[in-house]
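Here is what each chain is made of, one letter per residue.
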Amino acid sequence: MATIELRQVEKKFGDLHAVKPLDLTIQDGEFIVLLGPSGCGKTTTLRMISGLETVSGGTIWLNERNVTWLHPSERDIAFVFQFYALYPHLSAWKNIAFPLQAQGESRETVEKRVNEVVKLLRIEHLLKARPGQLSGGDQQRVALARALVRHPAAFLMDEPLGALDADFRETMRSEIKRLHVLQHATTVYVTHDQIEAMAMGDRIVVMSEAQIQQIGTPAEVYNDPSNLFVARFIGSPGMNLVNGKYADGVVQMAGLDNRYAVPQGWQGAIKKGLDGGSDLVIGFRPEAAQIDDLGKLVGKVYASEMQGSSAVLHLTINEDEIIHIRTDRLIPYPIDSLVHFDINPQMVRFFSLNTEAAIQPEVTQ
Amino acid sequence: MASFEETGPRTPVVEPTRVDRVHPRAKWGKTIRVILTVIVTFIMIIPVLVMIMTAFKSRADIVTPPPKVFFSPTLEGFLYLFTDRSILNTSNLAAERANPGDLNYWQKLALSVGQKINGPSDYVGRLKNSMIIAGTSTILSVILGLFAAYAFSRFKIAGKDDLLFFILSTRMLPGVVVTIPLFLLYKLLGWNDTHIGMIILYTVFNLSFSVWLLKGFIDEIPIEYEEAALVDGYTRLQAFFRVVLPQAVNGIAATTVFCLIFAWNEYAFALMLTSEKARTAPPSIATMLGSGGLEWSAIAAGSLGFLIPVAIVTFALRDYLLRGVTFGAVRK
């Protein structure tokens, strides 16, 4: 299919940067998710790849072909919109055939290709209906069929599941993922839903404030966030981030007089990362905390939430900081009781408070 | 208090639970509304009914007090309207009546009121002028308006708001005010009493209206449709024709009818700027009052004939209009 390469691509509206210069290389057949809160520039980036938005600087390469200033119709890409954008005056069948007609395909070819894609998506029974008569999910299926029918070099999807009901979104999520695997199609997928991003992406590009925060596989982004924004944004609830002061292998937290002994392997890295300072942030996922009566850390129960397979315990740890711990759902914890816990040393991360960047562990020999 | 287990359904509810019975008072309300609508419609349509009746009355029936509701219809009014006639003196009349064999229906009708047809009246030509001028100017203003509205709706245009305001401002003073400067201008250009002059005038007059109205409709069409067409391999012009146009059809229909009604009914400019060659029907119906006494049936027939083309167009476009004149207030 295709590789996509962005080199120093940027977008300005007046003096305002919608997208700051960014570099991104997307491999052939890869499923890339652009993830970020609204207004972070992810949709603008996608639209620049499609050509619906012009770039203010930089170049875009599709299969080593410079397409920066090509018209959208000349780029050989397909775009799936959040609100489907099916032509309301055409039947589903005609909607799917529409891109083929632009290429001036013969009637037999159109019919053959439409039938193929219709079979793939199992939407044979919808073909005569107008988009207005279809449910949201079926409309999105037709929209996907319209994108697939042309065998484009790459698929660009702008929150294609954003307008669907929650339970239906999961069905469509797996359908899109399956299609991607079957078609081996390079896909760029925009979403603000981090669960969707984790579930679908081969790699996730986390964006915020018009620039890339981190590029990595879902596991990398989840386990090793590169900065505080990514740590907070990924995961539900996000990573616990507790402020403290570092001195001689111990982090002193405020409030309940918690002292955290930093694992041996980290001490050198932290010293280097803080560069003489002492303000740091400890980060750990809710599942990294292990409740243990002999635990070194202590928190006061603020609330507990039953979440089905597990429960989430909200603990006050400093005066106004609340952390989340995943626990066994069977044990009730009364409000305001004290809970002792430890952090799994494999799963603890450290950030510099000043730069907000993650402190990189020293490479073990 | 009874628990849900005691009062709630014990088996799954499978039949529809919607109740189709309506409270009697609500039913009465509906009937009264329908009756009121019929009455109001009837009152509004009375002048039109009187006009239609008058068009088919004989001269005697028209002036009879009180006005007759039941009468024997004749086409005299249309005879007066469409033909130029001379009154026969007694001896000629007798001679004509003696030999009625090779006369057609209209000639016989004329003979029955003591007249002879000399040829078609001016009105026929004027109705034709009306059709040419109103039709052409409507088509022009809708097409030009459509492209302008699309550009205003979709593209970044320097000073867009000012331009739009300027376009609207052309409607802010009554048209009659500019008739004299316009008359002088047209005299200079040699456009007085020409079709082209009237077509351009009406087109310009309708353009502001059509740009604004159509812009509203095009704004309602999500831009994603065109973007989808663009990435699907169409050029912008193709996307416009294949995606925007079919969806703007309601707006186009509504605009067409409004523009047509204006151009078709326009009286003041037509009176000032046309005399013979390009005179349209509205001023000519009014001037019928002057020649040969008050031919009420001819005036009524003229008005009726004048009404019909617009009525046909409006009727043909009624499905689109109904949706169109709500100005996109109702979302599908």
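Residue positions are counted from 1 within each chain, in the order its sequence is given. Chains and ligands are labelled sequentially in the order written, the chains with letters from A and the ligands with numbers from 1. In keeping with the model being predicted, local features are shown solely for residues with a pLDDT of at least 70 and side-chain atom pairs are shown and tallied solely at 80 or more, while totals for entire chains, interfaces and linings include all residues.

Some points on the overall build of chain B
The helix and strand labels rest on DSSP assignments: H or I over at least four residues marks a helix, E over at least two residues marks a strand, and numbering proceeds from the N terminus. Looking only at helices and strands, chain B has 17 helices and two strands in total. Partly exposed residues are those whose C-beta has more than 12 but fewer than 20 other C-beta atoms within 10 Å; 20 or more makes a residue buried and 12 or fewer makes it exposed, with C-beta atoms placed from the backbone. Burial analysis of chain B (332 residues in total) assigns 30% to the buried set. By definition, residues are in contact whenever their C-beta atoms, placed on the basis of the backbone, come within 7 Å of each other. A separation of at least 24 residues holds for 78% of the contacts in chain B among residues at least 6 apart in sequence.

A few points about the interface of chain B and chain A
Each side of the interface is counted separately: chain B has 15 residues, and chain A has 18 residues. Counting residues per element, the ones that place at least two in the side of chain B that touches chain A are α11 (224-231) and α12 (236-247) of chain B. Broken down by element, the residue count for the side of chain B that touches chain A peaks at six residues, all from α11(B). The residue makeup of the side of chain B that touches chain A, split by class, is eight nonpolar, three polar and four charged. Polarity classes work like this: nonpolar for Ala, Val, Leu, Ile, Met, Phe, Trp, Tyr, Cys and Pro, charged for Asp, Glu, Lys and Arg, and polar for all others, with Gly in that last group.

A look at the sheet that holds strand β20 (residues 348-352) of chain A
Residues and elements named next belong to chain A. Two strands are said to pair when DSSP picks up at least two bridges between them. Overall, antiparallel pairing links the five strands, which are arranged β13-β12-β11-β14-β20 in an open sheet. What marks the edges here is a single partner per strand, and that holds for β13 (259-261) and β20. Across the sheet, the mean angle separating the axes of adjacent strands is 40° when strand polarity is ignored. Relative to strand β14 (residues 279-284), strand β11 (residues 240-247) runs antiparallel, the two being bridged by six bridges. From the neighbouring strand, Asn-243 faces β14, where its bridge partner is Val-281. Angles run from 0 to 180 degrees between N-to-C directions of axes, and those axes are lines fitted to C-alpha atoms, restricted for helices to the stretch in contact. Each of β11, β14 and β20 is contacted by helix α9 (residues 264-274), which is oriented at about 15° to β20, the strand it contacts most.

Topic: α12(B)
Because an α-helix packs 3.6 residues into every turn, residues spaced three or four apart end up facing the same way. All names here are of chain B. Take the number of residues in a helix, subtract one, and multiply by 1.5 Å to get its expected span. The end-to-end C-alpha distance of α12 is 16 Å, a good match for the 16 Å that twelve residues give at a rise of 1.5 Å each. Taken together, the buried positions of α12 are occupied by Ala-239, Val-243 and Val-244. In a view along the axis of α12, the buried residues occupy a sector of 85°, so they form one face of it. Exposed and oriented more than 90 degrees from the buried face of α12 are Leu-237 and Phe-241. The arc under discussion is defined with respect to the helix axis, by the directions toward the C-beta atoms.

So, the domain arrangement of chain A
All names here are of chain A. As far as domains go, chain A holds domain 1 (4-230) and domain 2 (238-352). Residue ranges for the domains originate in an automatic or database domain assignment. On a C-alpha basis, the centres of domain 1 and domain 2 stand 39 Å from each other. Contacts between domain 1 and domain 2 engage four residues on the former and five residues on the latter. Classifying every residue of the side of domain 1 that touches domain 2 by side-chain character gives two nonpolar, one polar and one charged.

Observations regarding the packing of α11(B) against α12(B)
Residues and elements named next belong to chain B. It is at 9 Å that the axes of α11 and α12 come closest, and there the two elements cross at 130°. Between α11 and α12, the interaxial angle falls into the category oblique. Remark: the crossing between α11 and α12 carries right-handed chirality. The residues of α12 that touch α11, namely those facing Tyr-225, Glu-226, Ala-229 and Leu-230, are Arg-236, Ala-239, Arg-242, Val-243 and Val-244. Looking at the contact of α11 with α12, its residues break down into six nonpolar, no polar and three charged. Throughout this description, any angle smaller than 35 degrees is read as roughly parallel, any larger than 145 degrees as roughly antiparallel, any in the 65 to 115 degree range as roughly perpendicular, and the remainder as oblique. By definition, any crossing whose near helix is turned counterclockwise from its far helix by less than a right angle is left-handed, and any crossing with a clockwise turn is right-handed.

Focus on the pairing of strand β9 (residues 203-208) of chain A
Residues and elements named next belong to chain A. Burial runs high along β9: five of the six residues are buried. Sheet analysis places strand β3 (residues 31-35) next to β9, joined by four bridges and oriented parallel. Counterpart to Val-33 in the pairing with β9 is Ile-204. As paired elements, β9 and strand β10 (residues 211-216) share five bridges and run antiparallel to each other.

Side note on helix α4 (residues 136-148) of chain A
All names here are of chain A. With 13 residues, α4 extends 18 Å from end C-alpha to end C-alpha; this agrees with the ideal 18 Å at 1.5 Å per step. Counting buried residues in α4 gives ten out of 13 residues, a clear majority hidden from the surface. Contact partners of the buried residues in α4: β6 (77-80), α2 (92-102), α3 (107-121), β7 (154-158) and α5 (166-183).

Quick look at the nonpolar core
What we call a nonpolar core is a set of buried Ala, Val, Leu, Ile, Met, Phe, Trp, Tyr and Cys residues whose membership is set by joining through C-beta atoms within 7 Å. Counting residues in each nonpolar core, the largest one holds 142 residues, and the members touching the most others are Val33(A), Leu34(A), Val80(A), Ile96(A), Leu156(A), Val188(A) and Val205(A). For this core, the element with the highest residue contribution is helix α10 (residues 195-220) of chain B, accounting for eleven residues. Among all residues touching Val188(A), those that are not within four sequence positions of it are Ile4(A), Ile26(A), Ile32(A), Leu34(A), Leu46(A), Ile49(A), Ala154(A) and Leu156(A). Listed in part, the 16 residues of the second largest apolar core include Tyr80(B), Leu81(B), Ile285(B) and Phe306(B).

Overview of unusual backbone geometry
All names here are of chain A. With omega at -5°, the peptide bond leading from Ser-236 into Pro-237 counts as cis. Mapping Pro-237 onto the fold places it in the loop between α8 (228-233) and β11. At Ala-210, a position not held by glycine, the phi torsion is positive, near 70°.

Let's talk about the pairing of strand β2 (residues 16-26) of chain A
Residue and element names in this part refer to chain A. Where strand β1 (residues 4-13) lies against β2, seven bridges are found, and the strand directions are antiparallel. Of the residues in β2, the one forming a bridge with Glu-5 is Thr-25. In sequence, β1 turns back onto β2 through a hairpin of two residues, with Gly-14 there showing a positive phi of about 65°.

Focus on the domain arrangement of chain B
All names here are of chain B. Segmentation of chain B into domains returns domain 1 (21-55), domain 2 (59-120) and domain 3 (123-324). If you average the C-alpha positions of domain 1 and of domain 3, the two centres end up 32 Å apart. Between domain 1 and domain 3, the residue contacts involve four residues of the former and six residues of the latter.

What about the sheet that holds strand β16 (residues 297-306) of chain A?
All names here are of chain A. Sheet architecture is open: five strands sit in the order β15-β19-β16-β17-β18, paired in antiparallel fashion. Pairing within the sheet leaves two strands with one partner each, and these edge strands are β15 (289-291) and β18 (322-327). Pairs of neighbouring strands in the sheet enclose a mean axial angle of 50°, with direction left out of account. In terms of strand pairing, β16 meets strand β17 (residues 311-316) through six bridges, oriented antiparallel. Bridged to Val-301 within β17 is Leu-315.

Observations regarding the environment of Glu116(A)
Mapped onto the elements, Glu116(A) comes out in helix α3. Glu116(A) sits 37 residues away from Phe79(A) along the chain, and the two C-alpha atoms are 19 Å apart.

Topic: the packing of α2(A) against α3(A)
Residue and element names in this part refer to chain A. At a minimum axis distance of 10 Å, the contact between α2 and α3 shows a crossing angle of 125°. It follows from the interaxial angle that α2 and α3 lie oblique. Between α2 and α3 lies a crossing whose hand is right-handed. Along the contact surface, α2 presents Trp-93, Ile-96, Ala-97, Leu-100 and Gln-101, while α3 presents Val-110, Arg-113, Val-114, Val-117 and Val-118. Across the contact of α2 with α3, the residue classes break down as eight nonpolar, one polar and one charged.

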